[in-house]
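# Geometric and topological summary
Residue-level listing of the chains:
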Amino acid sequence: MDRLADRSLGAHLFASEAAAGSLPGRVGTVIVGGGVIGASIALHLAEAGIDDVLLLERSVLTSGTTWHAAGLVAGARGSTAMTHLSSYGLAFYADLEQRSGLDVSFDRCGSLSLARTAGRVDELLYARDVAAQNGIDARSVDVAAVAELWPIASTDGVLAGLHFANDGYVNPGYAAAAMAKLAYEAGVSIHEGVTVTAVLHEGGRATGVETQQGTVLADRVIIAGGLWSRDLAATAGVHLPLYAAEHVHVRSNPIEGATPALPVLRDVDNSYYIRHEAGRLLVGAFEPNGIPRAVSEITTEGFATFPNDDHHFAPVRAAAERTVPGLGPAGYDRFITAPESFTPDTSFLLGETAEVEQLFVAAGLNSQGIIYAPGIGRELARWIVAGTPQFDSASVDVQRFSRHQSNRRYLHARTVESLGRLYAMHWPHLQSETARNVRRTPLHGRLAELGARFGELNGGERANWYGGPTAAEGYSYGKPGWFDQVAAEHRAARDGVALFDLSWFAKFEIVGADALAVVQHATTNDVDVAVGQAVYTLFLNRNGGIELDGTVTRLAHDRFMVVTPSTSHQKSLWLLRRAARGYSAAVVDVTASLATIGVMGPLSRELLSRVSPNDWSDAAQPYTTGREIEVADGFAYSLRISFVGELGYELYPTADLALNVFDALWEAGQDLGVRMAGYHALDSLRSEKGYRHLGHDIGAADDPYSAGLGFTVALDKPGGFMGRDAVAALDPAAPKHRTVYITLDDPEPVFVHDETVFADGIAVGRMTSGAYGHTLGRAVGIASLDPGAALDATFTVECKGVRVPATVSRRPFYDPRGERLRG
């Protein structure tokens, strides 16, 4: 029986009446989409005690993209957060057949990733460390072991491999049907043949869906519609950046030696995977030049495919046949080209949308839906029950993108690259090459003239460093090619003066009679301060988790400026708008209208005095204060605040004056040795000083005390704040984890992310962020440790399989003579 790519699946496998009957007029939860993601969410909601759940599928269950998936299952991913989601699937699929009574063909044959370059060897070593940290059985193997694990493969050109003993594959369609069956038996109502045409909403909250069979009101709506999710979300004014692309896999005729014992083979440097199927081999491609497809090109009748493109597949096919010589003579009996959906950063979209409350999304799986479906179902159910994320959600948070990234022209261009990103090198600081130069700051052209090497974040171009190699020329899991350039920029900020273009900071003004009440409710710190005073604060969710951090500056009695990290632009905007509901206050997004120029370093005061007639003494503008200044040929708001740990100022001229102000600073600073500095230097500087990085060191599942930011919490301020009761219930002396600062004693290794920290040889935590500290002369970062870990132990950090001696401190290693940032 040909059970993969089965077009006969549907709810009829367990409930003949699932497609019959009229729709209910009201339910608690509507799930849109009957693929593996929607089925998993339905099941986990039911198991979490959420009743009155309705799952709607336009065609039949699994007919979107689930039916043609290869069914690969993996326990470890590239980070601890993603491994938390993926590893749950291994145990889940192992029990699914027994629980459901459906044969899901789960085979734990293992997987084997190959490395053909030195860089890939480093990547696999790093992946092994992350796997080990999370209890995943992974071992580095040499070429001889590769040949033993895959005896019908040639090892020519292979340098090493990484073997995951417990990975494998499952039949994706039957696995989804099994989840749906269990959900149905637990009380979930399933209707096939129902097209949802719009998400209903009122007052910023989802209220149900409109279908071709009528209206269904609901307390919440979950969009799990795969590649169609973008357009459905748009009916509620929600912007989802996902786009379809062709994904191809072929199946060979029978091959001698193709047995179930073969682990899934990932020849990532050649952009393909191979798995066993019934005495044959299935070869799938993640080629670097993907073919995007508009939704209008894809049938809505289910089981969509595209014409086969032998020419496009030929390079991958040739590479696979070189590695497995038996493929060529055997030939192929099945060729499937079908759609999958991809996001601009190749991480999926999960969670509650910024624009509409109680509208949740689980979509854009980048061909990894089978791997993540169980984890997504579990965590979204927990999220809905608790009201907030219960895991480190930053890398998949649906709110992380810029609004423009849902633009179809932009997505079409990026998706050419996104497909291949799954198997491309996952270098630290990797930059996309497509859909670039879309959003640029007012200073972009001048920075380019000065040698900026631009990166992109949220679709915005920003200078990462100046001069020297391009990104592609400098990638490394060790010291990158731009190491010396960043070191010089770092030293300029520490010892002289450096200029940063920080214009992508998210910036908002809250204006009106109730402006104070709005910001007080949204923030943990007391912002009822004097005009001109800036306050570092957190923004929490109702369970006390950290959604944002930033500064609030009082501009007038009834006017405040909020500045948050650039990656949180949309999250910040809508958090503030929700906080302002019912108040006499307006939230104005001024991100694009105000540039931000950082003037940082011991000579910053001297430089500013040359371009501004204002008094720049300490008495005239103390630390954490702001004021309107005259500068160059215009005016700007000046904040004396710094993310580098030195004397520094952030200038906020309007966009039309930004270039004039910048040019004046640059010209006036030449004899002071002024230097341009980029975001990599900024990261190095902040790491030495121990400043937190939102999305890495702090996030929605972290509380202020565990993050070491209890000083931002004003429990007794009038009116309280979002999350106050949850934080008040915590014991500051008993955090769930301890945030500490770590340096490596060896000056050569560098931090990437998620390295395991050992105390006296026992794993006690992980690195959450870090960089090379050019003042300290070694890598430095922030770690999350078990609260009971003894800080007088002997510490090591595992870097690419080597445990490097390290020093741990409860205080930052760099404490400058002058400024402290934001607490």
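Values in this document were obtained by computation on a predicted structure and should not be read as measured data.

Glancing now at the overall build of the protein chain. The number of helices and strands found in the protein chain is 19 helices and 38 strands. Whereas a compact globule of 823 residues would reach a radius of gyration of roughly 28 Å, the protein chain reaches 27 Å, a difference of no more than 12%. Along the longest, intermediate and shortest principal axes, the C-alpha atoms of the protein chain span 85 × 65 × 50 Å. Within the protein chain, the fraction of its 823 residues that count as buried is 63%. Sequence-distant contacts in the protein chain: of pairs separated by 6 or more residues, those separated by 24 or more amount to 72%. Carbon together with sulfur atoms contributes 49% to the accessible area of the protein chain, which is approximately 28500 Å² in total. Charged side chains in the protein chain number 69 positive and 94 negative. The centres of these two groups are separated by 1 Å.

A large share of helix α18 (residues 679-689) lies buried, amounting to 11 of its 11 residues. The set of residues buried in α18 consists of Tyr679, His680, Ala681, Leu682, Asp683, Ser684, Leu685, Arg686, Ser687, Glu688 and Lys689. Those residues of α18 hidden inside the fold are in contact with β21 (460-466), α13 (483-495), β22 (498-501), β35 (762-773) and β36 (778-785). Phi turns positive one or two residues past the end of α18, at Gly690, with a value near 80°.

Spatial ordering of the open sheet is given by β24-β25-β26-β23-β27, a layout of five strands whose pairing is antiparallel. If you trace the sheet from one side to the other, it starts and ends with β24 (534-540) and β27 (586-589), each paired once. Put simply, the sheet's adjacent strands are angled 30° from each other on average, direction ignored. Packing of helix α14 (residues 515-522) onto the sheet brings it into contact with β23 (506-511), β24, β25 (546-556) and β26 (559-564), and relative to β26 it is tilted by some 30°.

The sheet built from six strands is open, its strands ordered β29-β30-β31-β28-β22-β32 with mixed pairing. Only two strands of the sheet have a single partner each, and these edge strands are β29 (626-631) and β32 (675-676). Sheet contacts for helix α16 (residues 604-611): β22, β28 (597-600), β29 and β31 (648-653); angle to β31, the most-contacted strand, approximately 35°.

Our focus in this paragraph is the pattern of salt bridges. Going through the model one piece at a time under the given rule, you end up with 41 salt bridges. Notably, a salt bridge pairs Asp333 with Arg251, separated by 2.9 Å at the nearest N-O pair. Of this pair, Asp333 sits in strand β17 (residues 332-342) while Arg251 sits in strand β12 (residues 243-252), and the two are 82 residues apart along the sequence. Given the relative accessible area of 8%, Arg251 is considered buried. Note that Glu417 is salt-bridged to Arg421, the shortest N-O span being 3.9 Å. Placement of the pair is Glu417 and Arg421 together in helix α10 (residues 408-421), with a separation of four residues, close to one helical turn. We note that Glu417, like Arg421, is buried.

Our focus in this paragraph is empty space enclosed by the protein. The probe, sized like a water molecule, is rolled over the atoms to show the empty space still left. Here the structure, examined in full by the defined rule, presents five cavities of 30 Å³ or more. The volume enclosed by the largest cavity comes to roughly 100 Å³. Lining the largest cavity are 13 residues, with His239, Glu355, Val398, Gln399 and Phe401 sitting closest to its centre. Residue classes in the lining of the largest cavity are distributed as six nonpolar, five polar and two charged. Considering only enclosed or pocket space, the second largest cavity measures out at about 80 Å³ in volume. As for the second largest cavity, its lining consists of Ser402, Arg439, Leu457, Asn458, Gly460, Arg462, Trp504, Ser566 and His569. Split into classes, the residues belonging to the lining of the second largest cavity amount to two nonpolar, five polar and two charged.

The next point concerns the packing of aromatic side chains. Tallied over the full model, the rule gives 19 aromatic pairs. Taken together, a centroid distance of 6.1 Å and an interplanar angle of 40° make the contact between Tyr126 and Tyr477 tilted. With a gap of 351 residues between them, Tyr126 in helix α3 (residues 118-133) and Tyr477 in the loop between α12 (471-474) and α13 connect regions that are remote in the sequence. You can call Tyr477 buried: its relative accessible area is 4%. Relative to Tyr691, the ring of Phe643 lies with its centre 5.7 Å away and its plane at 20°, an arrangement referred to as stacked. Of this pair, Phe643 sits in the loop between β30 (634-639) and β31 while Tyr691 sits in the loop between α18 and α19 (724-728); the two residues are 48 residues apart in sequence, bridging distant segments of the chain. On the basis of relative accessible area, Tyr691 is assigned to the buried category, the value being 8%.

On to the packing of helix α2 (residues 80-100) against helix α5 (residues 172-185). For the pair α2 and α5, interaxial distance at closest approach is 10 Å and the crossing angle is 60°. With respect to α5, the element α2 is oriented oblique. In terms of crossing hand, the pair formed by α2 and α5 is left-handed. Listed contacts from α5 to Phe92, Tyr93, Leu96, Arg99 and Ser100 of α2 are Ala175, Ala178, Met179, Lys181 and Leu182.

All right, on to the pairing of strand β2 (residues 53-57) then. Burial runs high along β2: five of the five residues are buried. The alternating pattern of β2 places Val53, Leu55 and Glu57 on one face and Leu54 and Leu56 on the opposite face, and all of these are buried. With four bridges joining them, strand β1 (residues 26-32) and β2 adopt parallel strand pairing. Residue pairing in the sheet places Ile31 in a bridge with Leu55 of β2. Read as a crossover between parallel neighbours, the route from β1 over helix α1 (residues 36-47) to β2 is right-handed.

Definitions and limits used
All residue numbers here refer to positions counted from 1 along the written sequence of the relevant chain. Note on the predicted model: pLDDT of at least 70 is required for a residue's local features to be given, and 80 or more for side-chain atom pairs to be given and counted; whole-chain, interface and lining totals, by contrast, use all residues. As a convention, hydrogens and water are excluded, and side-chain values are obtained from all of the structure's heavy atoms. Secondary structure elements follow DSSP: runs of H or I of four or more residues count as helices, runs of E of two or more count as strands, with numbering from the N terminus. Every radius of gyration here is taken over C-alpha atoms, with the globule rule written as 2.2 Å times N^0.38, N being the number of residues. Burial status follows relative accessibility: with a 1.4 Å probe on protein chains alone, a residue under 20% of its type maximum counts as buried, one over 50% as exposed, and anything between as partly exposed. Contacts are residue-level and defined by heavy atoms, with any inter-residue pair within 4.5 Å sufficient. Residue burial considers only the protein chains on display, and all accessible areas are found by Shrake-Rupley using a 1.4 Å probe. Two residue types count as positive, namely Lys and Arg, and two as negative, namely Asp and Glu; His and chain ends fall outside the count. A single reference atom marks each charge: NZ on Lys, CZ on Arg, CG on Asp, CD on Glu. Any two strands are treated as partners once DSSP identifies two or more bridges connecting them. For helices, the axis comes from a line fit to the C-alpha atoms of the stretch in contact; other axes are also lines fit to C-alpha atoms, and the angle between any two N-to-C directions lies between 0 and 180 degrees. In what follows, salt bridge is the name for a side-chain nitrogen of Lys or Arg lying within 4 Å of a carboxyl oxygen of Asp or Glu. Cavities and pockets were defined on a 1 Å grid built over protein atoms only: a cavity is a set of grid points that admits a 1.4 Å probe from which the probe cannot escape, a pocket is an open set flanked by protein on both sides within 12 Å along at least five of seven lines, and lining residues are those with an atom within 4 Å of any such point. Grid points are joined across faces, edges and corners, and a volume is the space filled by probe spheres set on the points. In the scheme used here, Gly and all other residues not listed as nonpolar or charged are polar, with Ala, Val, Leu, Ile, Met, Phe, Trp, Tyr, Cys and Pro taken as nonpolar and Asp, Glu, Lys and Arg as charged. Stacked, tilted and edge-to-face are the three classes applied to pairs of Phe, Tyr and Trp rings, where Trp contributes its six-membered ring and a pair requires centres within 6.5 Å; stacked means planes under 30 degrees apart, edge-to-face means over 60, and tilted covers the rest. When an angle is under 35 degrees it counts as roughly parallel; over 145 it counts as roughly antiparallel; between 65 and 115 it counts as roughly perpendicular; any other value is oblique. Handedness of a crossing is defined here by the sense of rotation of the near helix relative to the far one, left-handed for an anticlockwise turn of less than a right angle and right-handed for a clockwise turn. Clockwise travel from the first strand over the helix to the second, with the strands pointing away from the viewer, marks a crossover as right-handed.

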